[in-house]
Amino acid sequence: MTLEPEIWTADVVYVGFGTPMLEGGLVVVGGHVTAVGPLAELRQTYPQAPQIHKGKALTPPTVNAHTHLDLSTVPYFRGPYPDFIRHVIEHDRWRTPQAAAQGLGELQALGVGGFGDIAYRPEVVEWLVEHSPLPGVVYLEVINRNPDQADLVASKIAAQLSNWRKRNSLIRVGLSPHTPYNVSRELLKKLVEIARLEGFPLQMHVAESPEETVLMTQGSGALQEIPLQYGFPAYQEVPGLTPVRYLAELGVLGPHLTIVHGVQVDEEEVQMLAQSGTRVVACPRSNEALGCGQMPWELYLKHRLEPALGTDSRSSSPDLDVRNEALFLWKRVDPRVLVRAATRNGYRVLGLEPPRITRGTPVSQVQSW
Ligand SMILES: [Zn+2]
């Protein structure tokens, strides 16, 4: 290890706070950062130091704010969203703690600073609470459309979450009503009430596919066929509202809620999300693979709602690396917004303190992309 100073730079340098720098750098000596700042200033102070271009970005460890680790062994799928749902239903039995362990291993190898995960089965939550060496939030997924069962389901989940919360773990537990259409209105209201009273974070897939909007507004379309095919009860309760408007009407939006996707939205809905303090996670590669379109980043940024990034699961994303989500959008969205999305915004969504690169930070805590 050399004790001679080196200047590290990249297309974007982000130290975890403030505005990411397009002409920035870090001075590195003996495996530690000793200075950060504009490249010109660093060059002036360290005229002899070699300058090393590290690639697209230098940032604190990234955060994968939305995944499903229990889908890590399910084959990658590309195709229309309703067919993807069939693919997931048909691999239901693959969603095990072993699969989650494989996904967690991938996140560790990537050096992420935290993760947000939706787990389908309680035993997967249990396993992650017990074993995860990484901090994050694991949300138990809830799917139930029978309004008569709302009380029973809600109190059972409240008890499970309270038990997990007593454990000494890096993982915080939360809950995930699957989508606005896969939980009854009654259950959704109860879950949100529990989350608010008890301080459990909520994460929910919202406004992902065009088919979701058709189902919610008209009660028809390709998603309507799925329950019939698998012998589940048909969708009956049609709110006649778009997903975000429906959640607004129910009083579900707010800072305790993170919506994932938020692709099928108009400007008024983006405004509702922004004004309510609702958080948003984008999964651009999964959206592309499943024919869902892309989040209107310009609308979110116009209303000062900066999304975080997630990969979604290995069944609709080729890996669990959020840097690849940012790089996928690199030419369409300001890279300074993307590096913040992949780092600071992810920590915030998960309730974790965003790390900073300052004098003394070990280079192991600096990710180059
Ligand atoms: Zn998802």
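Residues numbered from 1 in each chain as written. Predicted model: local features only at pLDDT ≥ 70, side-chain atom pairs only at ≥ 80, totals over all residues. Heavy atoms only, no water.

### Quick notes on the sheet that holds strand β5 (residues 51-53)
Here is step 1: Read from one edge to the other, the open sheet built from four strands follows the order β4-β3-β1-β5, with strand pairing classed as mixed. Of all strands in the sheet, those with a lone pairing partner are β4 (32-38) and β5, marking the two edges. Between one strand and the next, the sheet's axes are offset by a mean angle of 30°, whatever the strand orientation.
Here is step 2: With four bridges joining them, strand β1 (residues 6-9) and strand β3 (residues 24-29) adopt antiparallel strand pairing. Considered in β3, the bridge of I7 is made with V27. (Pairing = 2+ DSSP bridges. Helix = DSSP H or I, 4+ residues; strand = E, 2+ residues; numbered from the N terminus. Axes fitted to C-alpha atoms, helices over the stretch in contact; angles between N-to-C directions.)

### Focus on the UniProt feature "domain: Amidohydrolase-related" (unreviewed entry) in the protein chain
Here is step 1: When the UniProt feature table is mapped onto this chain numbering, "domain: Amidohydrolase-related" (unreviewed entry) sits at residues 58-353.
Here is step 2: Secondary structure across residues 58-353 comprises 44% helix and 15% strand; the distance between its end C-alpha atoms is 19 Å. (UniProt positions renumbered as here; feature names shortened; annotations may be inferred.)

### Digging into the sheet that holds strand β15 (residues 367-368)
Two orientations exist for strands paired in a sheet by backbone hydrogen bonds: parallel and antiparallel.
Here is step 1: Spatial strand order, β2-β6-β15: three strands in an open sheet with mixed pairing. The open sheet has two edge strands, β2 (12-13) and β15, and neither has a second partner.
Here is step 2: In this structure, β2 lies alongside strand β6 (residues 57-59), joined through two bridges in parallel fashion. The partner of V12 across the bridge, within β6, is A57.

### Quick look at the packing of helix α3 (residues 97-110) against helix α4 (residues 122-131)
Here is step 1: Between α3 and α4, the shortest axis-to-axis distance is 9 Å and the interhelical angle comes to 45°. In terms of their interaxial angle, α3 and α4 are classed as oblique. You can see that α3 and α4 cross each other, and the crossing is right-handed. In this structure, α3 contributes P97, A100, A101 and L104 to the contact, and α4 contributes E123, V124, W127 and L128.
Here is step 2: Along the lines of polarity and charge, the residues of the contact of α3 with α4 split into seven nonpolar, no polar and one charged. (Parallel < 35°, antiparallel > 145°, perpendicular 65-115°, else oblique. Left-handed = near helix turned anticlockwise from the far one by under 90°. Contact = heavy atoms within 4.5 Å. Nonpolar A, V, L, I, M, F, W, Y, C, P; charged D, E, K, R; others polar.)

### With respect to the nonpolar core
Here is step 1: Core analysis: the biggest nonpolar cluster contains 87 residues, and L188 and W297 have the highest contact counts within it.
Here is step 2: Here this core gets seven residues from one element, more than from any other, and that element is helix α5 (residues 150-165).
Here is step 3: Residue assignment places this core across two domains, with domain 1 (6-59 + 356-368) and domain 2 (63-349) each supplying three or more.
Here is step 4: Not counting residues within four places of it along the chain, the set of residues in contact with W297 comprises A282, P307, L309, L329, V333, V337, L338 and A341.
Here is step 5: One finds V63, V137, V260 and A308 within the second-largest nonpolar core, a separate group that totals 12 residues. (Core = buried A, V, L, I, M, F, W, Y, C linked by side-chain atoms within 4.5 Å. Buried < 20%, exposed > 50% of the residue type's maximum accessible area, 1.4 Å probe, protein only. Domains from an automatic or database assignment.)

### Here's the deal with the layout of surface pockets
Here is step 1: Size it by volume and the largest pocket reaches roughly 980 Å³.
Here is step 2: At the level of secondary structure, the elements contributing two or more residues to the lining of the largest pocket comprise α2 (81-90), β9 (136-142), α5 and α8 (225-230).
Here is step 3: With five residues, α2 is the single largest residue contributor to the lining of the largest pocket.
Here is step 4: Looking at the lining of the largest pocket residue by residue, the class counts come to 21 nonpolar, 12 polar and seven charged. (1 Å grid on protein atoms, 1.4 Å probe; cavity = no way out; pocket = protein on both sides within 12 Å on 5 of 7 lines; lining within 4 Å. Points joined across faces, edges and corners; volume = space filled by probe spheres on them.)

### Brief notes about the pairing of strand β12 (residues 257-261)
Here is step 1: Most of β12 is tucked away: five of the five residues are buried.
Here is step 2: Pairing of strand β11 (residues 202-206) with β12, which is carried by five bridges, proceeds in the parallel orientation. Within β12, the position partnered with Q203 by the bridge is T258.
Here is step 3: Direction of pairing for β12 relative to strand β13 (residues 279-282): parallel, over a ladder of three bridges.

### Describing the side chain of Q224
Here is step 1: Within the secondary structure layout, Q224 lies in the loop between α7 (210-218) and α8.
Here is step 2: Here Y235 takes part through its backbone nitrogen, which lies 3.3 Å from a polar atom of the side chain of Q224.
Here is step 3: Residues in contact with Q224, not counting those within four places in the same chain, are L215, G219, A234 and Y235. (Polar contact = N/O pair within 3.5 Å; in protein donor to acceptor, adjacent residues only side chain to side chain.)

### A few points about the domain arrangement of the protein chain
Here is step 1: Assigned domains within the protein chain: domain 1 (6-59 + 356-368) and domain 2 (63-349).
Here is step 2: On a C-alpha basis, the centroid separation for the pair domain 1 and domain 2 is 34 Å.
Here is step 3: The partner domain 2 presents 12 residues to the 12 residues of domain 1 that form the contact.
Here is step 4: When the two sides are added together, the surface that domain 1 and domain 2 hide from each other amounts to roughly 960 Å², 66% of it contributed by carbon and sulfur.
Here is step 5: Summed over the three residues of domain 1 that lose the most area to domain 2, namely Y14, K56 and Q367, the buried surface amounts to 44% of that side. (Buried area = accessible area lost by both parts, 1.4 Å probe.)

### Description of α4
Here is step 1: Here α4 has its buried residues at V124, V125, L128 and V129. The buried residues of α4 occupy an angular sector of 135° when the element is viewed end-on, so they sit on one face.
Here is step 2: Taken together, the buried residues of α4 touch α3, β8 (114-119), β9, α5 and β10 (171-177). (Arc of directions from axis to C-beta.)

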